[in-house]
Amino acid sequence: YLVLIQLFLGTSFRFIAKPCAINLGIQDSGPHRAQPNAILEKVFTSITKSPDGKRLEGLSKQLDWDVRKIQRWFRHRRNQDKPTTLTKFCESMWRFTFYLSIFFYGIRFLWTAPWFWDTRQCWYNYPFQPLTSRLYYYYILELAFYWSLMFSQFTDIKRKDFLIMFVHHLATIGLITFSYMNNMVRVGTLVLCLHDASDFLLEAAKLANYAKYQRLCDAFFMLFGVVFIVTRLGIYPFWILNTTLFESWELIGPYPSWWLFNGLLVTLQVLHVIWSYLIIRTASKALVRGKVSKDDRSDVESSSEEEDVTSNSTKGIFSTSSNGSNRLNGHVAGSQWTGE
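The chain is annotated in an unreviewed UniProt entry as CERS5 synthase of Panurus biarmicus. The UniProt entry for the chain carries this comment under Catalytic activity (unreviewed entry): "sphinganine + octadecanoyl-CoA = N-(octadecanoyl)-sphinganine + CoA + H(+)".

Okay, structure coming up:
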């Protein structure tokens, strides 16, 4: 039920985000469309979207077209189904609003929680710890959001990091569900809040990208990179993993689910390392070139070397899907600033 609410709110939010996008001058126009061709269209829809060399040669003889021209047609055809900038802006605005709201809700809630300042409090009197209504709603909202991301990933444009994101969503949903069932909600709230700290900055960078505010976009992305690395490679292993691996063992002993729980948390840490590498590489290119450049997740292909030159001014760093699936948590993406 809550997942359906999340999906409904995400769709409804477009009615708010769309006017904002239009006021910023964002047009509802997609990539260059391929010229109509019945033969190539049949191959594209029925056989393959990326023909190999042998098939390209056959099509070249059949149509009397240059192989390069056919390759360009297939690239245009693949790209024309991608979401428009206006659609991506609306999705990022919805996600930005959710991430920012849930992060501040979590901070406000945890600021008065004793385990926020002393992680050993997560395990005192475990598992007989009260579940307050504020803590319950915090957990359920987060769980619903990640379930909606899981479902929407299969209807979204498939990206290079599809498997990483799938593992991320599985691990996150597994952790939220598992910790709730075992009343490990105290340490669970710390994990959730820590992950929300950087996500809204990435969405803010995407919004600035779509609105063509290059400097603001670069600034948000650099800030996102710093916060992401500090929280995921610093605070997470030395604060979260320390209490789940060592303090819990010391205070309550090797409980039966210890291995599974920490296995999921360590899986998240592996993903953090991969994403941090991608972010650092993108940021390094940005420092060298003066602005954020290409990222390996981009879902927009260029048709040829000539098109790469002419389209660089419209390509972006962030590549998010039409429904907002993140993340690199979706996290890093784009080519020079087309974005997703």
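Here the narrative resumes.
Asker: Teacher, can you tell me more about the confidence of the model for the chain here?
Answerer: Do not read the predicted coordinates in detail wherever pLDDT is low. The share of residues in the chain with pLDDT of 70 or more is 76%, and the mean pLDDT across the chain is 77. In the predicted structure, residues 293–340 sits below a pLDDT of 50 and forms 198 contacts with residues beyond four places in sequence or in another chain.

Asker: Before we go on, may I ask you to explain the side chain of Glu142 in this structure?
Answerer: Checked against the element boundaries, Glu142 lands in helix H8 (residues 133–153). Residues in contact with Glu142, not counting those within four places in the same chain, are Ile102, Ile176, Leu192 and Asp196.

Asker: Would you explain the nonpolar core in this entry?
Answerer: Generally speaking, a soluble globular protein has its nonpolar side chains buried in company with each other. Of all hydrophobic cores here, the largest spans 57 residues; its most connected members are Leu110, Trp115, Tyr236 and Phe261. Looking at this core, the elements with two or more residues in it are helix H6 (85–110), helix H7 (114–117), H8, helix H9 (162–181), helix H10 (185–210), helix H11 (214–252) and helix H12 (258–289). In terms of residue count, H10 provides more of this core than any other element does, 12 residues in total. The residues contacting Trp115, other than those within four sequence positions of it, are Phe109, Leu110, Gln121, Cys122, Leu135, Arg186, Thr189 and Leu190.

Asker: How should the packing of helix H4 (residues 53–63) against helix H5 (residues 67–79) be read in this particular structure?
Answerer: Describing two packed helices takes the angle between their axes plus the distance from one axis to the other. At a closest axis distance of 9 Å, the pairing of H4 and H5 adopts a crossing angle of 110°. Taken together, the axes of H4 and H5 are roughly perpendicular relative to one another. Judged by residue contacts, Leu56, Glu57, Leu59 and Ser60 of H4 engage Val67, Ile70, Gln71 and Phe74 from H5. For the contact of H4 with H5, the per-class residue count stands at five nonpolar, two polar and one charged.

Asker: What is the right way to look at the packing of aromatic side chains in this model?
Answerer: Remark: the centre distance and the inter-plane angle together describe each pair of aromatic rings, the angle taken between the planes. Tallying each qualifying case throughout the model produces 24 aromatic pairs. Between Trp123 and Tyr126, the aromatic rings sit 6.0 Å apart at their centres with planes inclined by 70°, giving edge-to-face as the arrangement. Here Trp123 matches Tyr126 in class, with each residue buried. Here Trp249 and Trp258 contribute two aromatic rings whose centre-to-centre distance is 5.0 Å and whose plane-to-plane angle is 80°, an arrangement assigned as edge-to-face. An aromatic cluster of at least three residues, connected via ring pairs, comprises Trp94, Phe98, Tyr99, Phe145 and Tyr146. Directly above the aromatic system of Trp65 lies the positively charged group of Lys69, at a separation of 4.3 Å from the ring centroid.

Calculation rules
Residues numbered from 1 in each chain as written. Predicted model: local features only at pLDDT ≥ 70, side-chain atom pairs only at ≥ 80, totals over all residues. Heavy atoms only, no water. UniProt positions renumbered as here; feature names shortened; annotations may be inferred. pLDDT = per-residue confidence, 0-100. Contact = heavy atoms within 4.5 Å. Helix = DSSP H or I, 4+ residues; strand = E, 2+ residues; numbered from the N terminus. Core = buried A, V, L, I, M, F, W, Y, C linked by side-chain atoms within 4.5 Å. Buried < 20%, exposed > 50% of the residue type's maximum accessible area, 1.4 Å probe, protein only. Axes fitted to C-alpha atoms, helices over the stretch in contact; angles between N-to-C directions. Parallel < 35°, antiparallel > 145°, perpendicular 65-115°, else oblique. Nonpolar A, V, L, I, M, F, W, Y, C, P; charged D, E, K, R; others polar. Phe/Tyr/Trp six-rings, centres within 6.5 Å; stacked < 30°, edge-to-face > 60°. Lys NZ or Arg CZ within 6 Å of the ring centre and 35° of its normal.

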